[in-house]
Every structure is written in C-alpha cells, then in structure tokens.
Amino acid sequence: MRRRLLAAAAALLLIGGAAGSAAADTPAGQPARPAAASADVPAGVSAGVAVFDRQTATFTEQLNTSTRFRSASVVKLLLALDYLWNRGPDYTVPAADRAWLEPMLRASDDDAAGAYWSDHGGTAIITRMVSRLGLKDTAPPPAGYEGYWGYTALSARDTVTIYRYLLDSAPGPVRDFMMGNLRQSTRCASDGFDQHFGIAGAFDKPWAVKQGWSGSSYEKGTCGQTRPAPATVARAGSPAADVDLTRPALHSTGTVGAGDRSIVAVFTLHPAGTSYGKAYTDIGRLTRSLNVPGAARPAGWWYGTWSDHVNVRPGPGTGNSPITQLPAGVEVLVGCQARGEVVNVPPYTNEWWAYLPQYDGWISNIYINSPDNKMPDVKDC
C-alpha cells in the first residue's frame, strides 16, 4: 500500500523539506553525506557556529562566532563553574550539592539553576565568570529581566573559551566533575524535552554535551510534560539589547571524539512559530554538515517522520511500554527494518518497523516518510 498524499503533505509541513532527506538537497533514504566544507545553515535559521580542533589548535568552522544569542540552558555551565571556583584545594562536592548539580548538568534541571541563581547573586554570577574566563561577548540578562538566567548573552567563541578552560586549565577535579556529568547527558531532560539533538544526534560517542532550548512554540516535551516559555523582548539601551529574546532558540555545545578532540558550539534561532521537531531537525542538519575532526558519524539512513509524539518501542510491536516519544515531525536515523506487529492508523496499515539505533528502539514504518510500507533503500535487520 502506498502512502496517501495527506501523510506526505503533513510530513512536509512538519519537517519543512523533502521527505526522508538527510539535508535539503539529499535524496530520500540516502546515508548522511560527508562533512561539508562549511556550515550548511537551513533556510530561515540564524546561526553562530564554532568548531575548534584541540589537536591542531585551529578552528575548522567559524560562522558568526561573536554574535550573541540568549544562552537558554547553556549558561548552566557558568553556574556550575561559579559554584566550583573557590572549593579548592580538593574541590569536594558534598552529596547535598551533587543532588542538584548533577541533574542541572545531565538533565538540564531548571529548578536547580533557578535556586542557585537567586541564592548566589543572579547577574553577579555572570559578571564574575566573564572576568575569570576573559569572555568577550557574554553579558548578564538585560535590564528588567535580571531573574531570567536563560537570557544571559553568550556567543559561539565564548563557549569555546569555556570548554577550553574546562579541558586545558581547570583543576583536575573540576574538569572531571563537569565533563563527567556532560558525558552522562540524559535523552529526556527534566522538563520533558528530548535533548539529544545537534551534537548528540550527529555523532557517535564519545561526546559530552550541554544543550539549550527556549521558545514559546515548544509547547510539549516528549516525556509528556509542558514547559512554559515567556515571549519577551530586550529593552532598548540595555546591556544585551542586541540579543533576540523572542525567536525559538536551540543550541548544542560540547566536545566530540576521543580525548575531547573537537569543541563544538552551535547556536540557532528559528522563525517564529517553529515547532520543536522542526528546530530539532534543522540543527541536526546543520551540525551534520560541519567539519568536526575526530568525529565518528553514525551509519544509517536519515528519514523524516510524521504525526505527533510517535512512540519508540523496545521491539517491533506495541506490547511493551514505549521507551520515549519523538518530537513531532523530527528526522530520525534508521539503522535497519524488520517485519513486526501490524499497525493500523486509518486509512493506513503497515507491518514493517524501523530500528532507530540512537534510541535503541523501534517505530512503525507507518510514521516514516516513505512512499512504500517497506523503505526501498534500508537493509533488513
């Protein structure tokens, strides 16, 4: 049975591109293309990108590196470093503090960040860290929004500076604590959003990530929670008046490769009203296009999906509880496909299932943007 035009049209609206494409100009069902010579920014997206090769001490990608973005949760790197800064000489982290620091770094817990922000000076935290690390573009939230830690201004080049400090200058216990937690990034963040986009989706491990997201159009997390996001604007004349506080933001930062060879910072803003799945797909395409030394790229075929909150199952059937759910319309990496339980979503019926290696789970092919029940170019499991 062939997909009806309704499904194809819905898929195109959700992902904003050719069904099953790895990038806008890649045919459906083809493996992800090799890294491009420069960043491939999807239409309508504003981006700041920096990739630093620690082995050669050179940048392999630089795009709008000094442009300031609202940091969203990436600022949690600075909050954690501020906490650790004067805890020498042994830098012991008591169990009570680990109980909020680890969720803040691994699962991007907002309550932990908010409590630290209010208890330790708010904007003064940013002022301290700018001075300590010699950051050039970082600034506290604009006047009138001092309580919004996610409105801290941050750039791609300053983010590289933060990671270079962590890896090359920080005391060993600080480096090990910070990077150890970033390597344990959870797919599902504390607010219910799938945070394994960008770096975490484009490259095989080893990687370590701190992600950020902010947007009033990001209504629902894929773990069934909701996340309110205020739509406000910076006031003219404020310290960070050049920072866009309204368009949906999605950022991916961290390290990639053995020995944390490459530092990667990808900051993106998307058109108003962009869904989380669309932004997730676009930052994935951008990140996959980058020249990242030491990166291992996952094998498989990138395909778009359709429908909302598609369940990822532990096997090719609906008998077990889902592992997680997909952001609406997101692209997924398909490793192989197999026959399984027949799924009916009227007017469609399909017995084929797609294995998603990055989730270690399965979705029915009924939700894959392919003209046939069985994807013609994907191998059998």
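Draft legend 1. Summary view of the sheet that holds strand β13 (residues 348–356). If you trace the three strands from one edge of the open sheet to the other, you get β12-β13-β14, paired in antiparallel fashion. Strands at the two margins of the open sheet, each flanked by one partner only, are β12 (336–345) and β14 (361–364). Here the average twist between neighbouring strands, direction ignored, is 30 degrees. Pairing of β12 with β13 involves seven bridges; the strand directions are antiparallel. Counterpart to C336 in the pairing with β13 is Y355.

Draft legend 2. Region of the structure containing the pattern of salt bridges. Scanning the model with the defined rule gives 18 salt bridges in all. For D282, the salt bridge is made with K278, and the minimal N-O distance between the two is 2.6 Å. Placement of the pair is D282 and K278 together in helix α9 (residues 276–288), with a separation of four residues, close to one helical turn. One exposure class covers both D282 and K278, and it is buried. Here the salt bridges share partners, and the residues they tie into one network are D82, R128 and R132.

Draft legend 3. Up close: the confidence of the model for the chain. Residues at a pLDDT of 70 or more form 85% of the chain, whose mean pLDDT is 88. Ignoring residues within four places in sequence, the model shows residues 1–30, a span with pLDDT below 50, making 81 contacts including any to other chains. Scored below 50 in pLDDT, residues 225–239 shows 41 contacts in the model against residues more than four places distant or in partner chains.

Criteria and thresholds
Residues numbered from 1 in each chain as written. Predicted model: local features only at pLDDT ≥ 70, side-chain atom pairs only at ≥ 80, totals over all residues. Heavy atoms only, no water. Pairing = 2+ DSSP bridges. Helix = DSSP H or I, 4+ residues; strand = E, 2+ residues; numbered from the N terminus. Axes fitted to C-alpha atoms, helices over the stretch in contact; angles between N-to-C directions. Salt bridge = Lys/Arg side-chain N within 4 Å of Asp/Glu carboxyl O. Buried < 20%, exposed > 50% of the residue type's maximum accessible area, 1.4 Å probe, protein only. pLDDT = per-residue confidence, 0-100. Contact = heavy atoms within 4.5 Å.

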